[in-house]
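Here's the letter readout for the chains.
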Amino acid sequence: MEQDERNTIDTNTTDNESFTSVTNTTSNKNKSPVEQQNSPNYRLLYEFKKLSELMIRGLYVIPSFNSIHEWHCVLFIRNRIYRSAIIRFLVVIPDDFPDSCPSVKFLTPMYHPLIGSEGEIDLSHQFSDWTSEKYMIAHVLCYIKSIFHNPDKYNYPPLNQDAYNLMKNNPDNFQKRVSEYVEDSIKNVYDNPQDSAIYFTKEWKDKNQWENTKKQILKQDKGIIDQISEYSSKLKDFFNK
């Protein structure tokens with residue numbers, strides 16, 4: 001997979017450490033609530049920057065080329081029942097963020113009790129007490145990862161009743177169905193969604209084609225890179241006040 005260094009997340013810490021880091025980050029004594037609420041993009045850039053420090057294993061995230069309110073994600077599952085799955089999903093951030101919780105839509109079909117047939121997942125149960133002071137997008141990402149490591153941990157109303165019944169009543173058959181979806185996620189890894197900010201590519205044998213494609217990607221990147229640089233500069237000045 002081609003990947004910009006901006007997207008790299010160190011994978012040397014545990015998810016519990018990630019959750020602790022997220023919680024500590026939200027309790028910033030020097031923040032100005034009024035100014036932050038009026039500057040949601042600053043908050044988004046701050047949270048995106050923090051992701052590279054939180055080290056959530058196997059997770060890659062980059063904002064859409066078209067909008068910082070849409071984050072493209074790929075999750076690699078390394079163990080347990082969904083082991084080896086490669087899962088694409090979108091984090092869609094509302095205009096009134098951080099006052100409202102983001103939503104998540106899975107682009108890779110997965111057989112899971114909490115994921116609906118259209119890739120939807122209901123976050124309202126896990127984050128019913130969402131506030132900008134208590135949660136960050138990283139909490140949502142950690143939760144998304146945890147449902148694949150422990151699919152039976154969360155006793156929320158299922159969006160896939162068939163998967164829920166099979167998981168509870170016939171674990172062996174549930175494992176078989178999950179394995180079929182995991183295999184499909186690997187087989188279809190090069191089927192990149194349109195406008196995706198994260199692309200999987202096979203080895204480039206034609207160097208000229210690679211150079212031309214790289215130029216096109218960099219041309220597309222320029223707008224979002226300039227925007228991120230501008231926000232990062234302003235954000236730095238804001239937090240140094």
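Remember, it's a predicted structure, so these values are computed and weren't measured experimentally. (Residues numbered from 1 in each chain as written. Predicted model: local features only at pLDDT ≥ 70, side-chain atom pairs only at ≥ 80, totals over all residues. Heavy atoms only, no water.)

A. Representation of the nonpolar core in the model. Counting 48 residues, the largest nonpolar core has Trp71, Phe89, Phe106, Leu141, Ile144 and Phe148 as the members making the most contacts within it. Ranked by residues supplied to this core, first place goes to helix 4 (residues 137–149) with 9 residues. Among residues more than four places away in sequence, those in contact with Phe106 are Ile87, Arg88, Phe89, Ile115, Glu118, Gly119, Ile121, Ile144, Ile147 and Phe148. Formed by 8 residues, the second largest nonpolar core is a distinct cluster that contains Tyr60, Ile86, Val189 and Ile198. (Core = buried A, V, L, I, M, F, W, Y, C linked by side-chain atoms within 4.5 Å. Buried < 20%, exposed > 50% of the residue type's maximum accessible area, 1.4 Å probe, protein only. Helix = DSSP H or I, 4+ residues; strand = E, 2+ residues; numbered from the N terminus. Contact = heavy atoms within 4.5 Å.)

B. Region of the structure containing the pattern of salt bridges. Evaluated as defined, the whole model comprises 7 salt bridges. A salt bridge links Glu180 to Arg177; the shortest N-O distance between them is 3.6 Å. One end of the pair is Glu180 and the other is Arg177, both in helix 6 (residues 171–187) and 3 residues apart, which spans about a single turn. Of the residues examined, Glu180 reaches a relative accessible area of 44% and is grouped as partly exposed. For Arg177, a relative accessible area of 28% puts it in the partly exposed group. In the salt-bridge network here, residues are joined through shared partners; they are Lys49, Lys50 and Glu53. (Salt bridge = Lys/Arg side-chain N within 4 Å of Asp/Glu carboxyl O.)

C. Looking closely at helix 6. Taking 1.5 Å per residue, 17 residues should reach 24 Å; helix 6 reaches 24 Å between its end C-alpha atoms and fits that length. When helix 6 is considered as a whole, its buried residues turn out to be Phe174, Val178, Val182 and Ser185. Down the axis of helix 6, the sector holding all buried residues measures 70°, keeping them to one side. Residues Asp172, Lys176, Glu183 and Lys187 are exposed on helix 6 and point more than 90 degrees away from its buried face. For helix 6, the secondary structure elements touched by its buried residues are strand 3 (86–92) and helix 5 (161–169). (Expected span 1.5 Å × (residues − 1). Arc of directions from axis to C-beta.)

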